[in-house]
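# Report on the structure
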Amino acid sequence: MSNLMQSDILQQLEDLRQQAITALTSTSTTEETRAWHSEYLGRKGRLTGILRSVGAVSPEERPRIGKLANEIKTALEEALQERQTAIEQAELEAARNKELIDVTLPGRPQTLGKMHPSTRTLREIADIFATMGFLVYDSPEVETDEYNFQLLNMPPGHPARDLWDTFYTTTPDVVLRTHTSPGQIHAMRQYAPEPIRIILPGKCYRYEQVTARSESMFYQVEGLAVGKNITFSDLKGTFMNYASQMYGEGRKMRFRKHYFPFTEPSVEVDIDCVICGGKGCNICKYTGWLEILGAGMVNPRVLEYGGYDPAEYSGFAFGLGPDRMTMQKYDINDIRYFFSNDVRFLERIG
């Protein structure tokens with residue numbers, strides 16, 4: 001009975017081999033080869049079904065059956081691999097012939113991206129100050145109340161805090177920076193007591209009404225120079241050089257007194273309008289002047305917070321509004337275009 005069972009299983013395996021090879025030869029697509037594999041070699045396939053009856057065969061006879069089954073499985077897998085390779089090659093050739101590509105035709109034109117105008121202005125500013133020995137320093141956009149206000153001479157309850165409409169986070173005393181000035185403290189504490197000349201470009205955030213002239217997110221470029229014997233004359237000379245390189249030689253400049261809690265004295269700096277030449281137009285609000293930055297000598301208390309002895313060191317700081325400068329330079333009448341993600345805006349700027 002056992003010999004008869006063994007002979008039946010061996011015959012079934014041989015029959016399976018022939019049937020599988022014949023069926024594989026008739027396949028013509030990748031999907032059909034997958035179906036073939038499932039039918040013959042899959043976990044619930046015909047080969048597995050035959051081997052389930054091996055348990056009825058005596059232990060002495062099982063090795064012969066197992067050896068034949070492994071040989072058949074290996075042979076079928078190799079045949080499947082060869083068939084799949086042939087089918088894939090045929091399908092690839094068919095796809096190529098179907099596309100009928102004419103390699104002599106000109107290629108499709110590629111639309112190249114353009115640099116954002118704000119980025120252009122930021123790089124131009126960095127290049128100008130690099131010629132004067134200023135390095136670029138990165139500082140975080142998320143700040144603590146201490147760095148954003150307190151270390152800039154604005155303790156809790158200070159009325160100057162009302163000048164900034166601050167975005168507060170759900171974490172106590174953590175804010176989105178309202179200006180790039182907190183970077184002054186980071187830089188001074190990193191380099192003190194060494195002299196430094198740096199600019200700090202980056203985004204700022206304020207809870208403001210979004211209009212054609214104001215956004216809740218905008219760029220600033222902070223500047224800081226600290227060393228021994230730095231005076232207000234150094235500040236003026238730096239800005240005169242900057243204005244000449246940015247707006248052209250012969251620019252008229254004026255300094256108006258102002259108040260910033262982290263500088264003393266403080267000024268706002270204007271140049272004669274580059275659009276109308278100082279005659280008056282809608283860009284300069286018919287005053288003939290354009291405000292380009294706020295600045296001043298670093299407050300001694302801020303120097304002390306940064307790690308410098310105000311009895312030995314002095315410095316000046318300034319803040320530029322590159323978005324406003326970009327609007328003037330490229331005749332852009334709405335700041336909201338900067339963040340509209342409209343490619344036509346970049347195409348128009350050129």
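For the structure, see preceding data.
No experiment lies behind these values; they were computed from the predicted model shown. (Residues numbered from 1 in each chain as written. Predicted model: local features only at pLDDT ≥ 70, side-chain atom pairs only at ≥ 80, totals over all residues. Heavy atoms only, no water.)

## Digging into the sheet that holds strand β4 (residues 174–176)
For clarity, the threshold we go by: Any two strands are treated as partners once DSSP identifies two or more bridges connecting them. The way it works is that DSSP assigns letters per residue, a run of H or I at least four long becomes a helix, a run of E at least two long becomes a strand, and they are numbered from the N terminus.
Strands sit in the order β2-β4-β3 across an open sheet of three strands; the sheet is antiparallel. With partners counted over all chains shown, the strands left at the sheet margins are β2 (142–144) and β3 (167–168), one partner each. Looking at chain direction, β3 and β4 are connected through two bridges and run antiparallel. In the sheet register, Tyr168 faces β4, and the bridge partner there is Val175.

## Describing the layout of surface pockets
Defined as follows: The rule is simple: put a 1 Å grid over the protein atoms alone, call a set of points where a 1.4 Å probe fits but cannot get out a cavity, call an open set with protein on both sides within 12 Å along at least five of seven lines a pocket, and count a residue as lining if it has an atom within 4 Å of a point. Grid points are joined across faces, edges and corners, and a volume is the space filled by probe spheres set on the points. Charged means Asp, Glu, Lys or Arg here, nonpolar means Ala, Val, Leu, Ile, Met, Phe, Trp, Tyr, Cys or Pro, and polar covers whatever is left, Gly included.
In this structure, the second largest pocket spans a volume of roughly 180 Å³. Forming the boundary of the second largest pocket are Met132, Phe134, Pro195, Ile196, Arg197, Ala225, Val226, Ile230, Asp234, Thr238 and Phe316. Secondary-structure elements contributing two or more residues to the lining of the second largest pocket are β5 (196–205), β6 (217–227) and α8 (232–247). For the lining of the second largest pocket, the residue count by class is eight nonpolar, one polar and two charged.

## Looking at the pattern of salt bridges
Note the following rule: Between Lys or Arg on one side and Asp or Glu on the other, a salt bridge is scored when a side-chain nitrogen of the former is within 4 Å of a carboxyl oxygen of the latter. For every residue, the accessible area obtained with a 1.4 Å probe (protein chains only) is divided by the maximum for its type, and the residue is called buried under 20%, exposed over 50%, and partly exposed between those limits.
For the coordinates displayed, the defined rule picks out 11 salt bridges. Between Glu14 and Arg17 there is a salt bridge, with its nearest N and O atoms 3.4 Å apart. In this pair, Glu14 and Arg17 both sit in helix α1 (residues 2–25), three residues apart, roughly one turn of the helix. When its relative accessible area of 22% is taken as the criterion, Arg17 is described as partly exposed. One salt bridge connects Glu291 with Arg256, and the closest N-O pair in it is separated by 3.9 Å. Highlighted residues: Glu291 in strand β9 (residues 289–298) and Arg256 in strand β7 (residues 253–258), separated in sequence by 35 residues. For Glu291, a relative accessible area of 44% puts it in the partly exposed group. Ionic contacts of the salt-bridge type, sharing partners, join the residues Arg254, Arg256, Glu268, Asp270 and Glu291 into one network.

## Considerations on the nonpolar core
Side chains of nonpolar character tend, in soluble globular proteins, to be buried together. The condition is simple: Throughout, nonpolar core names a set of buried Ala, Val, Leu, Ile, Met, Phe, Trp, Tyr and Cys residues whose side chains join them through atoms within 4.5 Å. Residues count as neighbours in contact if any of their non-hydrogen atoms are within 4.5 Å of one another.
Grouped together as the largest cluster of nonpolar side chains are 33 residues, with contacts concentrated most on Phe129, Tyr242 and Phe318. Counting only elements with at least two residues in this core, the list comes to α5 (117–130), β6, α8, β8 (263–272), β9 and β10 (314–320). With near-sequence residues (within four places) excluded, Tyr242 lies in contact with Ile125, Ile128, Phe129, Met132, Leu320 and Met325. Counting residues in hydrophobic clusters, the runner-up holds 24 residues, among them Leu151, Met154, Ala160 and Phe262.

## Here's the deal with the sheet that holds β10
Applicable threshold: Interaxial angle, 0 to 180 degrees, is taken between N-to-C directions of lines fitted to C-alpha atoms, where a helix line uses only the stretch in contact.
Taken together, the seven strands give an open sheet; going across it, the order is β1-β5-β6-β10-β9-β8-β7, and neighbouring strands pair in mixed fashion. The sheet terminates laterally at β1 (135–136) and β7, the two strands that pair on one side only. Note that β5 and β6 share 10 bridges and pair antiparallel. Paired with Gly202 across the strands is Gln220, a residue of β6. Taken strand by strand, helix α7 (residues 182–191) contacts β5, β6 and β10, and its axis lies near 145° from that of β5.

## Re helix α10 (residues 322–330)
For α10, every residue scored as buried is listed here: Pro322, Asp323, Met325, Thr326, Met327 and Gln328. Buried residues along α10 sit in contact with α5, β6, α8, β9 and β10. Once α10 ends, the next one or two residues include Asp331, with phi positive near 55°.

## Observations concerning the environment of Ser216
Looking at the element boundaries, Ser216 is found in the loop between β5 and β6. We classify Ser216 as partly exposed; its relative accessible area is 23%. Sequence separation between Ser216 and Arg206 is 10 residues; the distance between their C-alpha atoms is 5.0 Å. Discounting residues that sit within four places of it in the chain, Ser216 has contacts with Phe167, Cys204, Tyr205, Arg206, Glu208 and Val210.

## Thoughts on the packing of aromatic side chains
Applicable threshold: Two rings from Phe, Tyr or Trp (for Trp, the six-membered ring) form a pair when their centres are within 6.5 Å of each other. A pair whose planes differ by under 30 degrees is stacked, one over 60 is edge-to-face, and the rest are tilted.
Following the criterion strictly, the structure yields 17 aromatic pairs and no others. Their ring planes at 65° and their centres at 6.3 Å tell us that Tyr137 and Tyr191 sit as a pair that is edge-to-face. With Tyr137 in the loop between β1 and β2 and Tyr191 in helix α7, the pair connects residues that are 54 residues apart, well separated along the chain. A residue is classified by how much of its surface remains accessible, and Tyr137, at 12% relative accessible area, is buried.

## Section: the pairing of β7
As a general feature of sheets, a regular strand has side chains that alternate between the two faces. Note that β7 and β8 share six bridges and pair antiparallel. By the bridge assignment, Met253 is partnered in β8 with Ile271. Taken together, β7 and the strand that follows it, β8, pair antiparallel across an intervening segment of four residues.

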